[in-house]
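# Breakdown of the fold
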Amino acid sequence: MRMSDVLRQLRQQQATAGARPRLLERFEAFLPVSDATPLLSLGEGFTPLVHARSLGRAIGCPQLHLKVEGQNPTGSFKDRGMVLTVARALEDGVRVLICASTGNTAASAAAYGAHAGMEVVVVLPRGQVAAGKLLQAQVAGARVVAVDGGFDAALATVRALIDDPDPRRPLTLVNSVNPLRIEGQKTAAFEVCEDLGGSPDYLAVPVGNAGNITAYWRGFNDYRSSGLVETVPVMLGFQAAGAAPLVDGSPVDEPRTVATAIRIGRPVSGESALRVRDESGGRIEAVTDEQILDAYRDLARYEGIFCEPASAASVAGVRKLAADGAIDPGATIVCVLTGHGLKDPDTARREQAVGTLDAEPTAAGVRQALGW
Ligand code: F0G
């Protein structure tokens, strides 16, 4: 066969398999979109569900699966909700997007805002945002405003701007206070059901503002109501000890955790998270920095999946519950890994770095350096 025929055939195979589907199109029936909604896409969603055989065996949960949300366009789950929020904003003629963020929402808003030709303003807690996330917002042309205090102060600042509108500059809030964010994020639950052929027994997720746990629960329930799945999972939410208001039962004034940058003292959807816990018969628990960093390391070493530290809270939590005998070892468990490890090179360097070996640029030199 001639090369050009081979290429044409490959091209056709791709076309018949359907080019990468667009999230807004694929899940149209479950999303608040209409024919007038622009089908914006940077290739979000359709992230892999990886069966973590080695890590699962090591923690006593052989049916452990990882939903690798770091493979979204800006490296986090936020893109699922942002694509819908920005598409609807475009439909409504919005010009300026604003959010408060610990970094991932900012990176996502900046990218989708740039794609849609909008102005983006992100308000961040000064000195608390991982290097990669800050760069993502900046390279996409967002204007970054740093404020003193943590995420809670940044969100209060943004809310004050929204509550006192300047008619010359109408702003659209794209934090998860915006219900469209939750609607878009629920698509991850649809994909989990499709990949497993039904709901898992447990779904574990890190919790900050509790938007994502709310979104997954809605997604599973949407699929159950429409008869696509028969059951819904037990929902497990994990917060970092030191930044765990939903576990402590009260707001945390100065949330502290070394392991994760998701320091939120007053979760926006806190009450919703507690409802999800109760309706699903689940739990919201705290995991220590040490447990999170252990899981972060093991995910990379056992499975080759480099997630950001906050993401590893889901695996840390499942490992803890499994060790306590609180999870049936035969259960199908999905841990959501919310963001990519490259977002936070400083934590990686601090926690993971093993240094490099110096060698002469020869085979003998490399063998010597390796001790072979
Ligand atoms: N994991 C990562 C990597 C996050 O960035 C966040 C939240 C969460 C988990 C928690 O999700 O808030 O829906 O419960 N990041 C927000 C941000 C706060 O500004 O990027 P949640």
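Remember, it's a predicted structure, so these values are computed and weren't measured experimentally.

With that settled, the discussion passes to the packing of aromatic side chains. Scanning the model with the defined rule gives 7 aromatic pairs in all. Pairing F27 with F190 gives two aromatic rings, centres 5.2 Å apart and planes at 55 degrees, and the pair type is tilted. Note that F27 is positioned in the loop between α2 (23-26) and β1 (49-51) and F190 in helix α9 (residues 187-196), a separation of 163 residues in sequence. Both residues of the pair, F27 and F190, belong to the buried class. Each ring, one from F30 and one from F190, has its centre 5.0 Å from the other, and the planes form 55 degrees; the classification is tilted. With F30 in the loop between α2 and β1 and F190 in helix α9, this pair connects stretches of sequence that are 160 residues apart. Members of the aromatic cluster, connected to one another through ring pairs, are F27, F30, F46, F190 and Y223.

This paragraph deals with the environment of N209. Within the element layout of this structure, N209 appears in the loop between β7 (202-206) and α10 (211-225). The class of N209 is buried, set by a relative accessible area of 13%. Distance in space between the C-alpha atoms of N209 and I262 is 8.9 Å, their sequence separation being 53 residues. Discounting residues that sit within four places of it in the chain, N209 has contacts with F151, S176, I264, R266, P267, V268, S269 and G270. In terms of polar contacts, N209 uses its side chain to reach the backbone amide nitrogen of V268, at 3.1 Å.

Taken together, 6 strands build an open sheet; the order of strands is β1-β2-β10-β7-β8-β9 and the sheet is mixed. Taken across any chain shown, the strands that pair with only one partner, and hence form the sheet edges, are β1 and β9 (283-287). The sheet shows a mean angle of 25 degrees between the axes of neighbouring strands, direction not considered. Where β7 meets strand β10 (residues 333-337), 3 bridges bridge the pair, whose relative direction is parallel.

On to the sheet that holds strand β3 (residues 96-100), then. The strand order across the open sheet built from 4 strands is β5-β4-β3-β6, with neighbouring strands paired in parallel fashion. Two strands in the sheet have a free side with no partner beyond their single neighbour: β5 (143-147) and β6 (171-173). Taken over all neighbouring pairs, the strand axes of this sheet differ in orientation by 25 degrees on average, direction set aside. Bridge count for strand β4 (residues 119-125) against β5 is 5 bridges, and the pairing is parallel. Looking across to β5, one finds that L124 is bridged to A146. In the packing of helix α7 (residues 151-163) onto the sheet, contacts are made with β3, β4, β5 and β6, and the angle to β3 comes to roughly 145 degrees.

Moving on, we get to the pattern of salt bridges. Within this structure, the stated rule accounts for 25 salt bridges. With its nearest N and O atoms 2.9 Å apart, the salt bridge here joins R277 to D278. Look at R277 and you get partly exposed, because its relative accessible area is 25%. Of the charged contacts in the structure, one is a salt bridge between R349 and D346, with a shortest N-O distance of 3.3 Å. On the criterion of helical spacing, the pair formed by R349 and D346 is a turn pair, its members being 3 residues apart in helix α15 (residues 345-352). Given the relative accessible area of 56%, R349 is considered exposed. Under the relative-accessibility criterion, D346 is labelled partly exposed at 38%. Each of K67, E69, R80 and E191 takes part in a single network of salt bridges with overlapping partners.

Attention now moves to the domain arrangement of the chain. Domain boundaries in the chain define domain 1 (3-73 + 181-351) and domain 2 (78-178). Here the C-alpha centroids of domain 1 and domain 2 sit 22 Å apart. In this complex, domain 1 contributes 43 residues to the contact, which on the side of domain 2 involves 36 residues. Summed over both partners, the interface of domain 1 with domain 2 comes to about 3100 Å²; 57% of that surface belongs to carbon and sulfur atoms. Considering only the side of domain 1, the residues that lose the most area to domain 2 are L40, R181 and K343, jointly responsible for 30% of the buried surface there. One can count 3 salt bridges joining domain 1 with domain 2. A salt bridge links R80 to E191, with the shortest nitrogen-to-oxygen separation between them at 2.8 Å. Across the domain 1-domain 2 interface, the total number found is 16 residue pairs in polar contact (both at pLDDT 80 or more). Every element with two or more residues in the side of domain 1 that touches domain 2 is listed here: α2, α8 (179-185), α9 and α15. Per-element accounting of the side of domain 1 that touches domain 2 gives the leading share, 5 residues, to α8. Grouping the constituent residues of the side of domain 1 that touches domain 2 by class yields 19 nonpolar, 12 polar and 12 charged.

Criteria and cut-off values
- Residues numbered from 1 in each chain as written.
- Predicted model: local features only at pLDDT ≥ 70, side-chain atom pairs only at ≥ 80, totals over all residues.
- Heavy atoms only, no water.
- Phe/Tyr/Trp six-rings, centres within 6.5 Å; stacked < 30°, edge-to-face > 60°.
- Helix = DSSP H or I, 4+ residues; strand = E, 2+ residues; numbered from the N terminus.
- Buried < 20%, exposed > 50% of the residue type's maximum accessible area, 1.4 Å probe, protein only.
- Contact = heavy atoms within 4.5 Å.
- Polar contact = N/O pair within 3.5 Å; in protein donor to acceptor, adjacent residues only side chain to side chain.
- Pairing = 2+ DSSP bridges.
- Axes fitted to C-alpha atoms, helices over the stretch in contact; angles between N-to-C directions.
- Salt bridge = Lys/Arg side-chain N within 4 Å of Asp/Glu carboxyl O.
- Domains from an automatic or database assignment.
- Buried area = accessible area lost by both parts, 1.4 Å probe.
- Nonpolar A, V, L, I, M, F, W, Y, C, P; charged D, E, K, R; others polar.

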